[in-house]
2 protein chains.
Amino acid sequence: MNIAVLGTGNVGKALAGALAAAGHVVTMGSRTADNEAALAWTTDNGVLLATFADAASASDLVINATGGGVSLAVLNSVGEQALAGKVLIDVANPLDFSNGFPPTLSVCNDDSLGEQIQREFPSARVVKALNTLNCELMVNPSGLPGDHVLFIAGNDADAKSKTIALLWEFGWPAERVLDLGDISAARATEMYLPLWLRLMQTVGNANFNINVVTGNTP
Amino acid sequence: MNIAVLGTGNVGKALAGALAAAGHVVTMGSRTADNEAALAWTTDNGVLLATFADAASASDLVINATGGGVSLAVLNSVGEQALAGKVLIDVANPLDFSNGFPPTLSVCNDDSLGEQIQREFPSARVVKALNTLNCELMVNPSGLPGDHVLFIAGNDADAKSKTIALLWEFGWPAERVLDLGDISAARATEMYLPLWLRLMQTVGNANFNINVVTGNTP
């Protein structure tokens, strides 16, 4: 599949690298297509580099791996037409570090970044996913022993199926990807971030995730 | 120990019943001391019934098991003097159901109910705990197979130690009680509630909890 990964930070690199290794044609989207550091990394990792808009236009599926504070601006520079009908996996968290650590959320409670993106680009098929764990674990769930889970949320069942299929390529069994419902459930996973950030301090590193233990588990 | 459990709902009953069964002298706090339904329940379960204020005054440790929307009003009816120096375990979540289900939080992001209570009653030693799971599991962690965790937050180390000791009486091993830091970490556990509520829908019941899986686990 032709996949755009918007964002050249650690999350973008982890996702783009893993998708290219899985055989996809990956275009990393950046502010400019001639950023030297990004060009060096993409060349080394078999990934193409383009502007945000060109990357999205060239791809069938788009992943938003930009910082939550700039995601809407980046997607606006891409424009609705390049996103229309496409699965748009939103990995970003609307973290606001302006008052230091731990950050607050710039949107929460009765709205979420995932919903903002879906409202702004109604013809895109937004799936909130992968925003509840460290980027190394996103693409390598076996980095932790035992079961642990991911959450997805979105309005389009087919888009969620395609997301689950892509996550399977990273090593996530479908039964460990919990569907929380429509895109308004993005509130739930984004509002988990304060707990994730506290846990990072308690655990001492970012190499952790949560499992959901039910009474049905044998 | 003499323990007050403020609130006669399901959470109050679960906690009061388990504490009485463990041998504590438990006084359940209610709006009135002659509520017939509450009197019948307390009599059946070896628990005393009193007004919120009298229950707190008679006890060494106070548990706030009232609804998050009324917690501050109830504690104000108790007054600072009856809480001074005491461990005050806050189990409540500031859920606002005024716009239906799922509820929003009446306070979050840069504040929390736990912090509001600590600010309002500075001489109480507030510990946020037990607000991230169903009341049956609070007092019976073996109701789920395998490991799952609780979170505590508070400014007073001794109060947290006493809370951990009390949780141990419910069956929670100390290593499954994760200390997230000072009372501002109440934001993290209260903001987990939206995810808990979505998970309840996905799981199909409230009999679940989360485990934190780390790279250090064998």
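A brief structural summary. (Residues numbered from 1 in each chain as written. Chains lettered and ligands numbered in written order. Predicted model: local features only at pLDDT ≥ 70, side-chain atom pairs only at ≥ 80, totals over all residues. Heavy atoms only, no water.)

## Observations regarding helix H2 (residues 36-44) of chain B
Helical periodicity: at 3.6 residues per turn, an α-helix aligns residues three or four positions apart in one direction. Residues and elements named next belong to chain B. Quick reminder of the rule: Remark: exposure states derive from per-residue accessible area (1.4 Å probe, protein chains only) relative to the maximum for the residue type, with buried under 20%, exposed over 50%, and partly exposed in between. Each helix corresponds to a stretch of at least 4 residues labelled H or I by DSSP, and each strand to a stretch of at least 2 residues labelled E; elements are numbered beginning at the N terminus. Comment: arc refers to directions from the helix axis out to C-beta atoms. Should any heavy atoms of two residues lie within 4.5 Å, those residues are counted as being in contact.
Those residues of H2 that sit buried are Ala38, Trp41 and Thr42. Within H2, the buried residues cover an arc of 95 degrees as seen down the axis, which keeps them to one side. Along H2, the residues that are exposed and aim more than 90 degrees away from the buried face are Glu36, Thr43 and Asp44. Here the buried face of H2 lies against helix H1 (10-21), strand E2 (25-30) and strand E3 (48-51). Gly46 sits one or two positions beyond H2 and adopts a positive phi of about 65 degrees.

## Side note on the relation of the copies chain B and chain A
Defined as follows: The least-squares superposition of copies is restricted to C-alpha atoms, and to residues with a pLDDT of at least 70 in both copies.
Rotating chain B by 180 degrees and moving it 0.0 Å along the rotation axis overlays it on chain A with an RMSD of 0.0 Å. Those values place the two copies in the arrangement expected of a two-fold rotation axis.

## A look at the packing of helix H4 (residues 71-78) of chain A against helix H6 (residues 113-120) of chain A
Residue and element names in this part refer to chain A. Put simply, the rule is: To get an axis, a line is fitted to the C-alpha atoms, and for a helix only the part in contact is used. The angle between two axes follows their N-to-C directions and goes from 0 to 180 degrees. Working rule for angles: under 35 degrees goes down as roughly parallel, over 145 as roughly antiparallel, 65 to 115 as roughly perpendicular, anything else as oblique. A clockwise turn of the near helix away from the far one marks a right-handed crossing, whereas an anticlockwise turn of less than a right angle marks a left-handed crossing.
Packing of H4 against H6 brings their axes to within 11 Å, and their N-to-C directions diverge by 20 degrees. On the basis of the axis angle, H4 is roughly parallel to H6. In terms of crossing hand, the pair formed by H4 and H6 is right-handed. Counted together, Ser71, Leu72, Leu75 and Asn76 of H4 and Leu113, Gln116, Ile117 and Glu120 of H6 form the full contact between these two elements.

## Details of the interface of chain B and chain A
Just so we agree on the cut-off: When two parts are brought into contact, each loses some accessible area as probed by a 1.4 Å sphere; the total of that loss over both is the buried area. The salt bridge definition used is simple: a Lys or Arg side-chain nitrogen within 4 Å of an Asp or Glu carboxyl oxygen. Contacts described as polar in this section are N or O atom pairs within 3.5 Å, which, within protein, must combine one atom able to donate a hydrogen with one able to accept it, while residues neighboring in sequence count only if both atoms come from side chains. Residues are grouped as follows: nonpolar covers Ala, Val, Leu, Ile, Met, Phe, Trp, Tyr, Cys and Pro; charged covers Asp, Glu, Lys and Arg; every other residue, Gly included, is treated as polar.
Taken together, the 37 residues of chain B in the interface contact 37 residues of chain A. Both faces combined, the contact of chain B with chain A buries some 3,100 Å², and carbon together with sulfur accounts for 65% of it. In this assembly, chain B and chain A are joined by zero salt bridges. The interface formed by chain B and chain A contains 11 residue pairs in polar contact (both at pLDDT 80 or more). Looking at the side of chain B that touches chain A, the elements that each hand over two or more residues are strand E7 (104-105), strand E10 (177-179), helix H9 (186-190), helix H10 (193-203) and strand E11 (208-214) of chain B. Tallying contributions element by element places E11(B) first for the side of chain B that touches chain A, with seven residues. Along the lines of polarity and charge, the residues of the side of chain B that touches chain A split into 20 nonpolar, 12 polar and five charged.

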